[in-house]
Amino acid sequence: MKLDTVKLIIDLKSLSRGVNRGVFIIPLEKVEWNIEGVEPFDRQGTLELMVDYGDEAVLCSGSLDAHFRTPCARCLEPSHFSISEEIYREYAWSPDPASGEQRELISQSGELNIFNAVQEAVLLSIPGKPLCSPDCTGICYN
Ligand SMILES: [Zn+2]
């Protein structure tokens, strides 16, 4: 399986029918994550992918082992979080009118863009109330 580790695009031609597995080192700082207030903390992350290449659809699942940072909710210093959510997305060559499920389309050039699926796992892993440390006392205004 061939993956552009910056754009997060899989070359479909590099896949065989059925289940494909791969482990990739992602240069986190080069990826345009485009998530407000969130930056990579580690320089690199490990992306484990399982891609099931079927006739009707391509199922992509996996996980990203990486740390990101976002401002602490109390003091605005960086707080770190790891990616806890799994990556899961279904791709198809044509929209399926029968199912209400939103499926992403595979480009005519044979590229499988998994950026949105990976970005979503990062978005869903952002803590609701990020803290730099459990006993952060926040900004002192005195
Ligand atoms: Zn803090």
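Report on the accompanying structure. Note that this is a predicted model, so its numbers are computed, not measured. (Residues numbered from 1 in each chain as written. Predicted model: local features only at pLDDT ≥ 70, side-chain atom pairs only at ≥ 80, totals over all residues. Heavy atoms only, no water.)

Quick word on the packing of aromatic side chains
In the structure shown here, the tally under the stated rule is four aromatic pairs. Arranged with centres 6.3 Å apart and planes meeting at 35°, the rings of Trp33 and Phe115 form a pair that is tilted. Residue Trp33 is found in the loop between strand 3 (18-27) and strand 4 (39-40), and its partner Phe115 is found in helix 1 (residues 115-125); the two are separated by 82 residues along the sequence. Here Trp33 matches Phe115 in class, with each residue buried. Each member of the aromatic cluster is reached from another via a ring pair, and the members are Trp33, Phe68, Phe81 and Phe115. It is Arg17 that lies over the ring of Tyr53; its NZ or CZ is 4.5 Å from the centre. (Phe/Tyr/Trp six-rings, centres within 6.5 Å; stacked < 30°, edge-to-face > 60°. Helix = DSSP H or I, 4+ residues; strand = E, 2+ residues; numbered from the N terminus. Buried < 20%, exposed > 50% of the residue type's maximum accessible area, 1.4 Å probe, protein only. Lys NZ or Arg CZ within 6 Å of the ring centre and 35° of its normal.)

Digging into the nonpolar core
With 33 residues, the main nonpolar core has Trp33, Leu64, Phe68 and Ile114 as its most contacted residues. Counting only elements with at least two residues in this core, the list comes to strand 3, strand 5 (44-53), strand 6 (57-65), strand 9 (87-92) and helix 1. Looking at this core, the element that brings in the most residues is helix 1, giving five residues. Not counting residues up to four positions away in its chain, the partners in contact with Leu64 are Ile26, Trp33, Gly45, Thr46, Leu47, Ile83, Ile87, Val118 and Val122. (Core = buried A, V, L, I, M, F, W, Y, C linked by side-chain atoms within 4.5 Å. Contact = heavy atoms within 4.5 Å.)

Regarding the sheet that holds strand 10 (residues 104-105)
Strand order in this open sheet of five strands is 3-5-6-9-10, and the pairing throughout is mixed. Strand pairing shows two members of the sheet lacking a second neighbour, strand 3 and strand 10, which therefore form its edges. The pairing of strand 9 with strand 10 spans two bridges and is parallel. Opposite Tyr91, over in strand 10, you have Glu104 as the bridge partner. Its contacts with the sheet place helix 1 against strand 6, strand 9 and strand 10, and it is angled at close to 155° to strand 9. (Pairing = 2+ DSSP bridges. Axes fitted to C-alpha atoms, helices over the stretch in contact; angles between N-to-C directions.)

Description of the pattern of salt bridges
For the structure shown, the criterion picks out five salt bridges. The salt bridge involving Lys2 is made with Asp11; its shortest N-O contact spans 3.9 Å. Among the salt bridges present, the one from Lys13 reaches Asp11, with a minimum N-O distance of 3.6 Å. For Lys13, a relative accessible area of 66% corresponds to the exposed category. Put simply, Lys2, Asp11 and Lys13 are held in one network by salt bridges that share partners. (Salt bridge = Lys/Arg side-chain N within 4 Å of Asp/Glu carboxyl O.)

Here we look at the pairing of strand 7 (residues 67-71)
Burial along strand 7 is one-sided: the face carrying Phe68 and Thr70 is buried and the face carrying His67, Arg69 and Pro71 is not. Across two bridges, strand 4 lies against strand 7 in antiparallel orientation. Across the sheet, the residue bridging to Glu39 is Arg69, located in strand 7.

Considerations on the sheet that holds strand 1 (residues 2-4)
The strand order across the open sheet formed by three strands is 1-2-11, and the pairing between neighbours is antiparallel. A single partner strand is all that each edge strand has here, and the edge strands are strand 1 and strand 11 (111-113). The sheet shows a mean angle of 25° between the axes of neighbouring strands, taken without regard to direction. Taken together, the three bridges between strand 1 and strand 2 (residues 9-11) define a ladder with antiparallel strand orientation. Note on strand 2: the bridge partner recorded for Leu3 is Ile10.

Function cannot be inferred from these measures alone, as they are strictly geometric.
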